[in-house]
Amino acid sequence: MQQTTYHIGFGVDNNYVKYAGVLMTNLLLQHIGQPMEFHLACDGIDEADRLRLADFERLYRNVRVHVYQATAALNKLNSISSKAPPRLNRSVLLRILLPHLVPSHIKRLVYMDVDMLCLNPIDELWQINIDGQAVAAVPYPDHAGVQMCRRLGMSSERYCNAGMLLINIPAWRAQSLTTKVAEYFQLHTERLRMLEQDALNCVLDGDFIELDSKFNHMVEPNSPLMCKYSGQECILHFVNEAKAWTIGCIPEIYDLYWSYVRRSLWYDIQPAEPSTIKAAFLAAVTAEIHGQDKDAIKYYSTVARRLSEYYLEQNKKDLFDMEV
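Residues numbered from 1 in each chain as written. Predicted model: local features only at pLDDT ≥ 70, side-chain atom pairs only at ≥ 80, totals over all residues. Heavy atoms only, no water.

**Student:** I keep staring at the overall build of the protein chain and nothing clicks. Help me out?
**Tutor:** Per the secondary structure count, the protein chain includes 11 helices and 10 strands. Relative to the compact-globule value of 20 Å for 324 residues, the protein chain shows a C-alpha radius of gyration of 21 Å, a close match. Projected onto the principal axes, the alpha-carbon positions of the protein chain cover approximately 75 × 45 × 40 Å. A buried classification covers 52% of the 324 residues belonging to the protein chain. Intrachain contacts of the protein chain at a sequence separation of at least 6 include 74% that bridge at least 24 residues. Summed over all atoms, the accessible surface of the protein chain reaches about 15700 Å², with 51% contributed by carbon and sulfur. If the 32 positive side-chain charges of the protein chain are averaged to one point and the 38 negative ones to another, these points end up 4 Å apart. (Helix = DSSP H or I, 4+ residues; strand = E, 2+ residues; numbered from the N terminus. Rg over C-alpha atoms; globule rule 2.2 N^0.38 Å. Buried < 20%, exposed > 50% of the residue type's maximum accessible area, 1.4 Å probe, protein only. Contact = heavy atoms within 4.5 Å. Areas by Shrake-Rupley, 256 points an atom, 1.4 Å probe, with all protein chains shown as cover. Lys, Arg positive; Asp, Glu negative; His and termini not counted. Charge placed at Lys NZ, Arg CZ, Asp CG, Glu CD.)

Structure below.
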């Protein structure tokens with residue numbers, strides 16, 4: 001009996017191909033011997049990463065890698081909303097293009113954001129019955145989901161996180177979802193704070209199969225209070241500003257993620273500096289908790305400097321005359 005091939009897709013720009021490579025390595029090591037085909041919709045890709053992807057195929061004989069250049073398609077879409085969180089860029093739109101790019105013989109595709117890590121095998125995703133439905137996904141918790149739906153004026157109160165999607169490719173194409181979601185995005189760009197995730201939810205309007213939260217367990221990797229997980233989850237999703245590769249992650253996440261970096265062909269990537277005041281503050285807190293005084297001082301100082309710059313800009317005339 002022929003073994004099922006797992007088709008897994010990503011949407012990345014040239015800065016994120018390396019993180020896709022680490023996640024691909026992680027997935028392979030969690031599914032030893034399992035035939036896999038990885039599908040990368042790219043908004044640019046460096047030649048060095050192309051070569052590493054080719055080496056990746058040669059190294060793992062049970063793997064195929066497909067790269068789809070989607071820059072031209074992205075160029076036809078509107079610029080993303082000015083209200084979108086700064087951490088988001090146009091490459092997230094690739095997830096709605098990918099089901100239209102993969103070969104027609106593929107029936108089931110798991111889309112994953114690359115800020116994820118597989119803790120346990122995801123074989124169950126190839127056993128779930130999705131006949132007749134285009135998408136299966138993890139819904140937002142009740143209150144949060146309802147708020148998202150109301151913000152968008154949806155009739156449904158079911159809103160899914162699009163970081164991990166189980167996609168029925170024939171049903172997606174039969175429903176012309178790439179076209180419908182892209183058109184919705186074009187018409188309502190400025191009110192879609194979560195970009196294509198908002199657009200997809202508005203088009204689906206609650207019509208998706210609910211997956212267990214273990215397939216998209218959201219954590220903030222640099223926050224001791226928001227990084228709770230049992231280890232039984234299948235997929236951890238590192239949400240908000242900090243990622244598993246950002247300096248300041250709690251040690252459990254840092255050690256786990258970088259163990260896969262070291263076993264990947266992208267072993268030479270370096271940790272990224274915190275990009276926001278919140279991320280720098282949490283990096284300082286994490287360092288202080290673990291006795292890393294030098295790093296704690298560095299990031300608390302960064303926070304103080306950036307806050308000072310902000311308030312100086314806001315109160316140029318009166319700041320130094322204010323009573324204390």
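Alright, that's what it looks like, and here's the rest.
**Student:** Would you explain the sheet that holds strand β5 (residues 116–118) in this entry?
**Tutor:** Two orientations exist for strands paired in a sheet by backbone hydrogen bonds: parallel and antiparallel. The strand order across the open sheet formed by three strands is β5-β10-β9, and the pairing between neighbours is mixed. Strands with a single pairing partner mark the edges of an open sheet, and in this sheet they are β5 and β9 (217–219). When the angles between neighbouring strand axes are averaged without regard to direction, this sheet yields 25°. Taken together, the three bridges between β5 and strand β10 (residues 235–238) define a ladder with antiparallel strand orientation. The residue of β10 that forms the bridge with Leu 117 is Leu 236. (Pairing = 2+ DSSP bridges. Axes fitted to C-alpha atoms, helices over the stretch in contact; angles between N-to-C directions.)

**Student:** It is not clear to me how the confidence of the model for the protein chain should be interpreted in this structure. Could you clarify?
**Tutor:** The predicted coordinates ought not to be read in detail in places where the model reports low pLDDT. Across the protein chain, the average pLDDT comes to 92, with 97% of residues at or above 70. With pLDDT under 50 throughout, residues 319–324 is counted as low confidence; its partners more than four residues away or in other chains account for two contacts. (pLDDT = per-residue confidence, 0-100.)

**Student:** I keep staring at the packing of helix α1 (residues 17–30) against helix α2 (residues 47–59) and nothing clicks. Help me out?
**Tutor:** To describe two helices that pack against each other, one gives the angle between their axes and the distance between the axes. Close contact between α1 and α2 brings their axes to 10 Å; oriented N to C, the two are set at 10°. What the angle tells us is that α1 and α2 run roughly parallel. Taken together, the residues of α2 that come into contact with α1 (itself represented by Val 17, Lys 18, Met 24, Thr 25 and Leu 28) are Asp 49, Leu 53 and Phe 56. (Parallel < 35°, antiparallel > 145°, perpendicular 65-115°, else oblique.)

**Student:** Sorry, what's going on with the sheet that holds strand β8 (residues 209–210) here?
**Tutor:** Reading across the sheet, the seven strands line up as β3-β2-β1-β4-β7-β6-β8 and stay open at both edges, with mixed pairing between neighbours. Looking at strand neighbours, the two that pair on one side only are β3 (63–69) and β8, the edges of this open sheet. As paired elements, strand β4 (residues 108–112) and strand β7 (residues 160–168) share five bridges and run antiparallel to each other. Bridged to Val 110 within β7 is Leu 166. Lying on the sheet, α2 is in contact with β2 (36–43) and β3; it crosses β3 at an angle near 155°. Those strands touched by helix α4 (residues 94–101) are β1 (6–13), β2, β3, β4 and β7, and its axis lies near 125° from that of β2.

**Student:** So what exactly am I meant to see when it comes to the nonpolar core here?
**Tutor:** Most often, soluble globular proteins have nonpolar side chains that are buried together. Judged by nonpolar contacts, the single largest core of 57 residues is most densely connected at Phe 10, Leu 27, Phe 38, Leu 40, Met 112 and Leu 125. Of all hydrophobic cores here, the second largest spans 46 residues; its members include Ala 41, Ala 70, Ala 182 and Met 194. (Core = buried A, V, L, I, M, F, W, Y, C linked by side-chain atoms within 4.5 Å.)

**Student:** Would you explain helix α9 (residues 251–262) in this entry?
**Tutor:** Residues spaced three or four apart along an α-helix face the same direction, because each turn holds 3.6 residues. In this model, α9 (12 residues) spans 16 Å end to end at C-alpha, consistent with the 16 Å of a helix rising 1.5 Å per residue. Taken together, the buried positions of α9 are occupied by Ile 253, Tyr 257, Trp 258, Ser 259, Tyr 260 and Val 261. (Expected span 1.5 Å × (residues − 1).)

**Student:** Would you mind going over the side chain of Asp 113 with me for this structure?
**Tutor:** Counting through the fold element by element, Asp 113 comes out in the loop between β4 and β5. Of note is the side chain of Asp 113, whose polar atom sits 3.0 Å from the side chain of Arg 95. Not counting residues up to four positions away in its chain, the partners in contact with Asp 113 are Leu 23, Arg 95, Gly 163 and His 237. (Polar contact = N/O pair within 3.5 Å; in protein donor to acceptor, adjacent residues only side chain to side chain.)

**Student:** Where do I start with the packing of aromatic side chains in this structure?
**Tutor:** By the definition in use, this model includes 13 aromatic pairs. A centroid spacing of 6.3 Å and a plane angle of 55° characterise the contact between Phe 56 and Trp 266, whose relative ring orientation is tilted. With Phe 56 in helix α2 and Trp 266 in the loop between α9 and α10 (277–289), this pair connects stretches of sequence that are 210 residues apart. Taking the relative accessible area as the measure of exposure, Phe 56 reaches 0% and is therefore buried. When its relative accessible area of 1% is taken as the criterion, Trp 266 is described as buried. Between Trp 245 and Tyr 257, the ring centres sit 6.0 Å apart and the planes meet at 50°, which makes this aromatic pair tilted. Of the two residues, Trp 245 sits in the loop between β10 and α9 while Tyr 257 sits in helix α9, which places them 12 residues apart along the sequence. The same class applies to Trp 245 and to Tyr 257, which are both buried. Here the aromatic residues Tyr 16, Tyr 19, Trp 245, Tyr 254, Tyr 257 and Trp 258 are joined through ring pairs into a cluster of three or more. Its end group placed over the ring of Phe 208, Arg 158 keeps NZ or CZ at 4.3 Å from the ring centre. Seen from the ring of Tyr 260, Arg 263 lies directly overhead, with NZ or CZ sitting 4.6 Å from the centre. (Phe/Tyr/Trp six-rings, centres within 6.5 Å; stacked < 30°, edge-to-face > 60°. Lys NZ or Arg CZ within 6 Å of the ring centre and 35° of its normal.)

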